[in-house]
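# Structure at a glance
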Amino acid sequence: MVQGRRQVTGKAEMNVINYSYGDSGLPTWGYQMEVSAYRGWGDAMKASLGGKATKNGACKVTEWKFPTKKLAPLNSWKLGESFFDTTATRTGAIGRCATTWTLTFTNAPYTPATTKVTLNEFRCDNATAGRPRVGCVVPWYASPMIYSKAGAPQLASHITRAQRSGLPGATFDRPLTRTTTESVRRLNRDRACPPRETRPRGKTCDEYPLATSQQGMSAGGQRRTFPGCSVRGVPSRSGPKGASACYIAEGDQNYQGGVTTNFYRAERVLQGDPFRVLIGR
């Protein structure tokens, strides 16, 4: 302050890079922070920068380091790294944890200034079927479940046409979300593929969106199908609601079941989690 008026004595403009990393088979994850001033002048460039890692949720901080260093010279990076362990370890446990870096700028005789940078939560669980150990994921990320066109051509053709007709699941902004509720899954299957419907020999009825998603026929809408699917009396509709039915080879249907089960297990996709459905080679 100069004669009661605030006066700018310096300025620093900085690049901040922060990222976290983990593994779906591990109960721990890391969070790194990098800061570098690329332009500045005056007293701001005389400041020092340090940091501290904190948590909020079902986890604990096991290690953190962000030693206080001078902000100058320009384009020099200051690095912080922290590690966290989940506390959601008992059988059936599911826990979330938000991780934060508190950055502190010091420059005597000025009052220290702080700012916080928080990343999206990790979710850890010991509740994923087929995975007896604890692991952690970023639950908002819609991981891709990829079916092979070469491995299941009839399945791939049906899903491709269903998505092109307006049904969700192919993109981040319109993913599918998993349901583990048996009554919902049964309703999705029975409304898309009525059990009393005549079925061609050697084929089974495939529904899209997947019966294990919350976007199936239980969410409303009408049935649709496409030429070559052998579903009688159902038009080739379009739009974001409803479900598509198509009779495909039993081998394709079995392939789909295996890929789907392995995907849910590997990515720890639980009730309400988003995921995408893509077609690969």
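See the structure printed just above.
Predicted, not measured: the structure shown is a model, and the values here were computed from it.

Calculation rules
- Residues numbered from 1 in each chain as written.
- Predicted model: local features only at pLDDT ≥ 70, side-chain atom pairs only at ≥ 80, totals over all residues.
- Heavy atoms only, no water.
- Disulfide = S-S within 2.5 Å.
- Pairing = 2+ DSSP bridges.
- Helix = DSSP H or I, 4+ residues; strand = E, 2+ residues; numbered from the N terminus.
- Axes fitted to C-alpha atoms, helices over the stretch in contact; angles between N-to-C directions.
- Phe/Tyr/Trp six-rings, centres within 6.5 Å; stacked < 30°, edge-to-face > 60°.
- Lys NZ or Arg CZ within 6 Å of the ring centre and 35° of its normal.
- Salt bridge = Lys/Arg side-chain N within 4 Å of Asp/Glu carboxyl O.
- Buried < 20%, exposed > 50% of the residue type's maximum accessible area, 1.4 Å probe, protein only.
- Arc of directions from axis to C-beta.
- Contact = heavy atoms within 4.5 Å.
- Patch = residues over 30% accessible without salt bridge, like charges linked within 9 Å, V, L, I, M, F, W, Y side chains within 5 Å.
- Areas by Shrake-Rupley, 256 points an atom, 1.4 Å probe, with all protein chains shown as cover.
- Core = buried A, V, L, I, M, F, W, Y, C linked by side-chain atoms within 4.5 Å.

### Let's talk about the state of the cysteines
Applying the stated criterion across every chain yields a total of four disulfides. Shown here for the chain is a disulfide pattern of 1-2, 3-4, 5-6, 7-8, where each number marks a bonded cysteine counted in sequence order.

### Description of the sheet that holds strand S1 (residues 10-21)
Taken in spatial order, the four strands line up as S1-S2-S6-S4 in an open sheet, and their pairing is antiparallel. The open sheet has two edge strands, S1 and strand S4 (59-65), and neither has a second partner. Neighbour to neighbour, the strand axes of the sheet diverge by 20 degrees on average, direction disregarded. Bridge analysis of S1 against strand S2 (residues 28-42) gives 12 bridges, and the strand direction is antiparallel. Looking at S2, one finds that Val-16 is bridged to Val-35.

### Side note on the packing of aromatic side chains
The full count for this structure, using the stated rule, is 10 aromatic pairs. Taking 5.5 Å as the distance between ring centres and 55 degrees as the angle between the ring planes, the aromatic pair formed by Tyr-141 and Phe-172 counts as tilted. One end of the pair, Tyr-141, is in the loop between strand S10 (135-137) and strand S11 (143-148); the other, Phe-172, is in the loop between helix H1 (153-164) and strand S12 (176-177), and 31 residues separate them in sequence. Of the aromatic side chains, those joined through ring pairs into one cluster are Trp-29, Phe-84 and Phe-122. The lysine or arginine in question, Arg-178, covers the ring of Tyr-264, its NZ or CZ lying 4.0 Å from the ring centre.

### Some points on the pattern of salt bridges
Two side chains carrying opposite charge are able to pair once their charged atoms lie near each other. By the definition in use, this model includes eight salt bridges. The residue Asp-125 makes a salt bridge to Arg-268 at a minimum N-O spacing of 3.1 Å. Taken together, the residues Asp-125 in strand S9 (residues 122-125) and Arg-268 in the loop between helix H3 (250-266) and strand S16 (274-280) connect sequence positions 143 residues apart. On the accessibility criterion, Asp-125 (0% relative accessible area) is buried.

### Description of helix H2 (residues 182-192)
Among all positions in H2, only Arg-185, Asn-188 and Ala-192 are buried. Looking straight down H2, one finds that the buried residues subtend no more than 60 degrees of arc, so they occupy a single side. At its buried positions, H2 is contacted by strand S13 (203-208), strand S14 (223-224) and strand S15 (243-249).

### What about the pairing of S2?
Between S1 and S2, which pair antiparallel and follow one another directly, the connecting turn spans six residues. Sheet topology note: the S2/strand S6 (residues 78-86) ladder contains eight bridges and is antiparallel. If you follow Trp-29 over to S6, its bridge partner there is Phe-84.

### As for a nonpolar patch on the surface
Together, Ile-17, Tyr-19, Tyr-21 and Trp-77 give the surface a local cluster of nonpolar side chains, amounting to about 370 Å² of exposed area. You can call Trp-77 partly exposed: its relative accessible area is 42%.

### Considering the sheet that holds S12
Strand order across the open sheet formed by three strands is S11-S16-S12, with mixed pairing between neighbours. At either end of the open sheet lies a strand with only one pairing partner, and these are S11 and S12. Inspection of the sheet shows S12 paired to S16 by two bridges, in the antiparallel sense. The residue of S16 that forms the bridge with Thr-177 is Pro-274. Where H1 meets the sheet, it contacts S11 and S16, and its direction lies at approximately 120 degrees from that of S16. Set on the sheet, H3 makes contact with S11 and S16; between it and S11 the angle comes to about 160 degrees.

### As for the nonpolar core
Met-145, Tyr-147, Tyr-208, Leu-210, Phe-275 and Val-277 are the most contacted members of the largest nonpolar core, which has 29 residues in total. Among the elements of the structure, S11, H1, S13, S15, H3 and S16 are those that each provide at least two residues to this core. Ranked by residues supplied to this core, first place goes to S15 with five residues. Leaving out residues up to four positions away in the same chain, Val-277 has contacts with Met-145, Tyr-147, Ile-159, Gln-163, Gly-169, Ala-170, Leu-176, Tyr-208 and Leu-210. Counting 21 residues, the second-largest nonpolar core is a separate cluster that includes Tyr-31, Met-33, Ala-37 and Phe-122.

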